[in-house]
Amino acid sequence: MADTLAPSPVPARRLPGGVPLLGHALHLVRRPLEFVEELRDHGPVVVFRIGTRPAYMVSTGELLKDILITHQSKFEKGGTLFDQATKLLGNGLAASNGELHLRQRRLSQPAFHHGRMGIYARAAIESVEAVSASWRDGQVRDVGRELNGMTMEILARTLFSRLTPEAAAEIRATLPALVAGVGRRAFLPVDFVHSLPLPVNRREAADLRRLYEVVDGIIADYRAGDLDQDDLLSMLMLARDEQTGEGMSTQQIHDEIRSMMVAGTETSATLLLWAFQVLSTRPDVERRVHAELDEVLEGRPVTYADLPRLPYMGRVIQELLRMYPTGWILTRRATAEVDLGGYRVPEGADVFFSPYALHRDPELFPEPDRFDPDRWLPERARSIPRHAYLPFGAGVRKCIGESLAYAEITIAFAALAGRWRLRSVTDGPTRAVARSTLRPKESRMRLEARRPQRTAP
Ligand code: HEM
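Computed from a predicted model, the values in this text were never measured in an experiment.

K.L.:
Looking at this structure, I do not really get the pairing of strand S3 (residues 45-50). What am I missing?
P.N.:
In regular strands, side chains alternate between the two faces of the sheet. Extensive coverage of S3 is indicated by the burial of 5 of its 6 residues. The sheet contact formed by strand S2 (residues 13-14) and S3 spans 2 bridges and is parallel. Paired with Arg13 across the two strands is Val46, which belongs to S3.

The structure is reproduced here in structure tokens:
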């Protein structure tokens, strides 16, 4: 009854100003962050064009809840920017859809259970110690690159606890090709460009071949030996479907590993680089981070058990994820016609949403461009609407690695900030560059050793 009385959805407003053949694509490439905020300010659902194809930008928290939770079955991962990228991702969690995705999500979930983070944290602690030990006072280093290498090593060791040094080195050398390749295809979604016989494409193909060989070799070794349950790969291999008793095929496990390697390395590294960039321009925040670390750790190395005792650092990380969500733009494809807030979104439409624009909406976050960790104090955070904050997405496609990311980022941040002050090499804050992630333009920083202050007995 209610349905027949509901007004029919109307077409969404079209964004003026596109150019023939390109539509609004140049805005997305040249000034992406301004563009997603402008789209947000045009209304809850706005149609723009990428080339000649219409794209629906959805900008309110309530409508995002509809897409990600209430009507999630009417949307799948996909869209103009996504389809090319998935060619390198295979059928792992980040790219699969429908029944396969749900089954894989069920099978993979126990490996990411909060209770297992203490085991995985060991890899993070050891890898970050090695980075810290290689730094020297006064050096200028490409910290962004080193953090990328570090998160690759952490993920590789979290996946494979029995990783040989040779396999670790091979993964570190070749994984950047996979992560960059997915990003490049998302922002240059033209198939033939990536298969032209150019040196860059040949190098990529060779690196990917080597990476896939290492991963297949490791899976074969695990199949032949005992599984110790201390790592993600053992957990994935032991997982069984409750109804059929079946596990994952070797190819499916390979694809899940690829998904995790892409989704779980540059994301965490970029957030850590933001942490140090922000600290270098906000002495007030830096002082409080140091004071908390010195009081809790008293100069000793951080452990997983310390994390709940670092609430200020937790708020800094929440605020970093608000201002610099690495997944700054996300896409879906509508698998059926949907009514979103009274606007008709047709079957097959490309649907976009931007956690960046959402998190910078002044209606939801007062003074949105101000870095203010205390907006996450429990008494203030209560007034933030539930679906206004989506750094890890929501619903069945929510980041499966959220707990792992928090543990890894907090450990690395605590271990490095306890012993190093990182200084910007630019005057003032660095600019944000939005590509496949949202990263600081400048990734080099100057290192200054710091001595933890012990509190008086
Ligand atoms: C700061 C760190 C991270 C951020 C900000 C982040 C963010 C996200 C977001 C926003 C999504 C959902 C995308 C969408 O809805 O289209 C996602 C999905 C995913 N993330 Fe993360 N992520 C992070 C770290 C990790 C880590 C450490 C892993 C480790 C394996 C991981 C694995 C995944 C996977 C497999 C998916 C796909 C899940 C699915 O569709 O079922 N992520 N992530």
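K.L.:
Please explain the sheet that holds strand S8 (residues 338-340) as it appears in this structure.
P.N.:
Backbone-to-backbone hydrogen bonds pair the strands of a sheet. The strands run either parallel or antiparallel. The sheet built from 3 strands is open, its strands ordered S1-S9-S8 with mixed pairing. Each end of this open sheet is capped by a strand with a single partner; those strands are strand S1 (10-11) and S8.

K.L.:
Looking at this structure, how should I read the pattern of salt bridges?
P.N.:
For the structure on display, the rule yields 31 salt bridges. Put simply, Arg210 and Glu170 hold a salt bridge, and the shortest N to O gap is 2.8 Å. On the criterion of sequence distance, the pair formed by Arg210 in helix H10 (residues 199-224) and Glu170 in helix H9 (residues 165-187) is long-range, its members being 40 residues apart. On the basis of relative accessible area, Glu170 is assigned to the partly exposed category, the value being 24%. A salt bridge links Glu204 to Arg184, with the nearest nitrogen and oxygen atoms 2.7 Å apart. On the criterion of sequence distance, the pair formed by Glu204 in helix H10 and Arg184 in helix H9 is long-range, its members being 20 residues apart. When its relative accessible area of 8% is taken as the criterion, Glu204 is described as buried. Judged by its relative accessible area of 30%, Arg184 falls in the partly exposed class. The network of salt bridges with shared partners includes Glu126, Glu153, Arg157 and Arg172.

K.L.:
Even after reading the chapter, I still don't get empty space enclosed by the protein, so can you show me in this structure?
P.N.:
Gaps left between atoms are located by rolling a probe of water-molecule size over the structure's atoms. Counting across every chain of the model gives 5 cavities of 30 Å³ or more. Of the voids in this model, the second largest cavity is the one considered here, and its volume is about 50 Å³. Lining of the second largest cavity is provided by Met117, Tyr120, Ala121, Ala124, Ile154, Thr158, Leu404, Ala407, Glu408 and Ile411. When the residues that make up the lining of the second largest cavity are grouped by side-chain class, the tally is 8 nonpolar, 1 polar and 1 charged.

Reading guide: rules and limits
Residues numbered from 1 in each chain as written. Predicted model: local features only at pLDDT ≥ 70, side-chain atom pairs only at ≥ 80, totals over all residues. Heavy atoms only, no water. Buried < 20%, exposed > 50% of the residue type's maximum accessible area, 1.4 Å probe, protein only. Helix = DSSP H or I, 4+ residues; strand = E, 2+ residues; numbered from the N terminus. Pairing = 2+ DSSP bridges. Salt bridge = Lys/Arg side-chain N within 4 Å of Asp/Glu carboxyl O. 1 Å grid on protein atoms, 1.4 Å probe; cavity = no way out; pocket = protein on both sides within 12 Å on 5 of 7 lines; lining within 4 Å. Points joined across faces, edges and corners; volume = space filled by probe spheres on them. Nonpolar A, V, L, I, M, F, W, Y, C, P; charged D, E, K, R; others polar.

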